[in-house]
Amino acid sequence: MNAVGVDVGGTKIAAGLVSPEGEVLAEARYPTPHSPGRLVETIVRVVQEVSDGHEVGGVCLAVPGLILAQENKVVFSPNLRAVEGIPLKDRIEPEIGVPLVIENDANAAAWGEFRFGSGSEVDHLVFLTVGTGVGGGVISHGVLLRGAQGSGGELGHVTVQATGPRCTCGNHGCLEALASGTAIGRRARETAVENPGSALGRIASRRKVLGEDVTELARKGDEVAISVLEETGTWLGVGLAGFVNIFNPEVVAVGGGVMEAGDLILASARRELRLRARPPSRDLVEVQVATLGPESGVLGAAALARNTDGAYVLGD
Ligand SMILES: [Zn+2]
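Residues numbered from 1 in each chain as written. Predicted model: local features only at pLDDT ≥ 70, side-chain atom pairs only at ≥ 80, totals over all residues. Heavy atoms only, no water.

### Considerations on the sheet that holds strand β7 (residues 100-104)
Ordered by their spatial adjacency, 5 strands build an open sheet running β3-β2-β1-β4-β7, and the pairing between neighbours is mixed. Each having just a single partner strand, β3 (24-31) and β7 make up the two edges of the open sheet. Along the sheet, successive strands turn relative to each other by an average axial angle of 20°, direction set aside. Summarising the sheet, strand β1 (residues 2-8) and strand β4 (residues 56-63) pair through 5 bridges and their orientation is parallel. Its bridge partner lying in β4, V4 is registered against V59. Each of β1, β2 (12-18), β3 and β4 is contacted by helix α1 (residues 36-51), which is oriented at about 155° to β3, the strand it contacts most. Helix α11 (residues 296-304) rests against β1, β2, β3, β4 and β7 of the sheet, and its axis sits at about 130° to β1. (Pairing = 2+ DSSP bridges. Helix = DSSP H or I, 4+ residues; strand = E, 2+ residues; numbered from the N terminus. Axes fitted to C-alpha atoms, helices over the stretch in contact; angles between N-to-C directions. Contact = heavy atoms within 4.5 Å.)

What follows is the structure, given as structure tokens:
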């Protein structure tokens, strides 16, 4: 039986009808409305649109922020305030007529990589998505780690530097505050001030320096830009070393927009990981770029949809 995955993002809502083999059979997307009523309507509409003419066993919404999965509730979603506190399951399920569950978007993407991507050959996977923020998910013994309330696996908000920069969550020195696209932008602007004659310094004299500028310059061999990405990779490696010690994964898959920079970040992350993590875990693990790309949200959500018996519609 097919399942529907809905990736509810801050700017767009994407839905896909997905087969048990991980094939996307139908797709739809709409801009994300920012009133609760229209948000619910739009989710119902995308689900109905992709389901049209097909049998569907279940639907899963992947939502950014802090989710209480067992209660199907979104508690805190700084980029999507309209979704907070809505009884999504009670409002949407009667309209679509199939079981609905809600999961954290990074957990869903992790499960997508595990079922259909870079983790499909292993039982132990740590997944990180590095974009504006840092999200994460852990699969251990083939099971998605959720914790007591379904809000576990928040790898981006592990503290890696006690006195570090303030994070969007309010804490200081989270991995997200040191190794996200936002952190690259901040580091690049600081570096531009320190090196006004550098290419970054010249951009800064005209406009705000962005994370994308750093990747573009680093690709062309600009040493200052390369050093910004290496420092970011080093912090990423500090975080990864902790995860490797705790979870002993076979694969660490890193996805998200920042991975456009690929090895410009991952090489220093791997180096730091080797310095800090303990054998034998550090010798087993392979750090890779995630393979599913932007579709991981929809695929992962679909793979987490459950049928009326509570089993995954697409199997596990
Ligand atoms: Zn944080």
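Picking up where we left off.
### Points about the sheet that holds strand β12 (residues 286-289)
Sheet architecture is open: 5 strands sit in the order β10-β9-β8-β11-β12, paired in mixed fashion. Each of the sheet's edge strands pairs with one partner strand only, and the pair in question is β10 (143-144) and β12. The pairing of strand β11 (residues 251-255) with β12 spans 4 bridges and is classified as parallel. Within β12, the residue paired with V254 across the bridge is V289. Set on the sheet, helix α8 (residues 223-247) makes contact with β8 (125-130), β9 (134-140), β11 and β12; between it and β8 the angle comes to about 155°.

### As for the nonpolar core
L128, L236 and L240 are the most contacted members of the largest nonpolar core, which totals 42 residues. Per-element tally for this core: the top contributor is α8, with 10 residues. Here L240 is in contact with L128, V252, A269, L273 and V287, once residues within four sequence places are set aside. Counting 31 residues, the second-largest nonpolar core is a separate cluster that includes A14, V122, L144 and A303. (Core = buried A, V, L, I, M, F, W, Y, C linked by side-chain atoms within 4.5 Å. Buried < 20%, exposed > 50% of the residue type's maximum accessible area, 1.4 Å probe, protein only.)

### Quick word on the packing of α1 against helix α2 (residues 88-96)
As a packed pair, α1 and α2 sit with axes 10 Å apart at the nearest point and diverge in direction by 40°. In the crossing of α1 with α2, the sense of the turn from one axis to the other is right-handed. The segment α1 lies against α2, with G37, V40, I43, V44, V47 and Q48 engaging L88, R91, I92, E95 and I96. Across the contact of α1 with α2, the residue classes tally to 7 nonpolar, 2 polar and 2 charged. (Left-handed = near helix turned anticlockwise from the far one by under 90°. Nonpolar A, V, L, I, M, F, W, Y, C, P; charged D, E, K, R; others polar.)

### Re the layout of surface pockets
Computed from the structure, the second largest pocket encloses a volume of approximately 350 Å³. Looking at the second largest pocket, it is lined by 17 residues, and the ones nearest its centre are G181, G211, E212, G257 and V258. When contributions to the lining of the second largest pocket are tallied by element, the ones reaching two or more residues are α5 (181-194) and α7 (211-219). Broken down by element, the lining of the second largest pocket gets its largest block of residues, 5 residues, from α5. Of the residues in the lining of the second largest pocket, the class split is 5 nonpolar, 8 polar and 4 charged. (1 Å grid on protein atoms, 1.4 Å probe; cavity = no way out; pocket = protein on both sides within 12 Å on 5 of 7 lines; lining within 4 Å. Points joined across faces, edges and corners; volume = space filled by probe spheres on them.)

### Points about the packing of aromatic side chains
Tallied over the full model, the rule gives 2 aromatic pairs. With a centroid separation of 4.9 Å and an interplanar angle of 40°, the aromatic rings of W111 and F114 are classed as tilted. Of this pair, W111 and F114 are both found in helix α3 (residues 105-116), 3 residues apart, which corresponds to roughly one turn of the helix. According to the relative accessible area criterion, W111 is buried, its value standing at 1%. Through a chain of ring-to-ring contacts, three or more aromatic side chains come together here, namely W111, F114 and Y312. A cation sits over an aromatic face here: R45 above Y30, 4.9 Å from the ring centre. (Phe/Tyr/Trp six-rings, centres within 6.5 Å; stacked < 30°, edge-to-face > 60°. Lys NZ or Arg CZ within 6 Å of the ring centre and 35° of its normal.)

### Brief notes about the coordination of the zinc ion
Coordination of the zinc ion by the protein involves H157 (ND1), C167 (SG), C169 (SG) and C174 (SG), with metal-donor separations of 2.0 to 2.3 Å. Around the zinc ion, the 4 donor atoms are arranged such that angles at the metal cover 105 to 121°; this shape is classified as tetrahedral. Within one chain, the residues donating to the zinc ion are spaced in sequence as H-x9-C-x1-C-x4-C. Here H157, found in the loop between β10 and α4 (175-179), pairs with C174, found in the loop between β10 and α4; they are 17 residues apart in sequence, far enough to count as distant. Given a relative accessible area of 0%, C174 falls into the buried group. (Donors = N, O, S within 2.8 Å, 3.2 Å for Na, K, Ca; no water. Tetrahedral: all angles 85-135°; square planar, octahedral: opposite > 155°, others 65-115°.)

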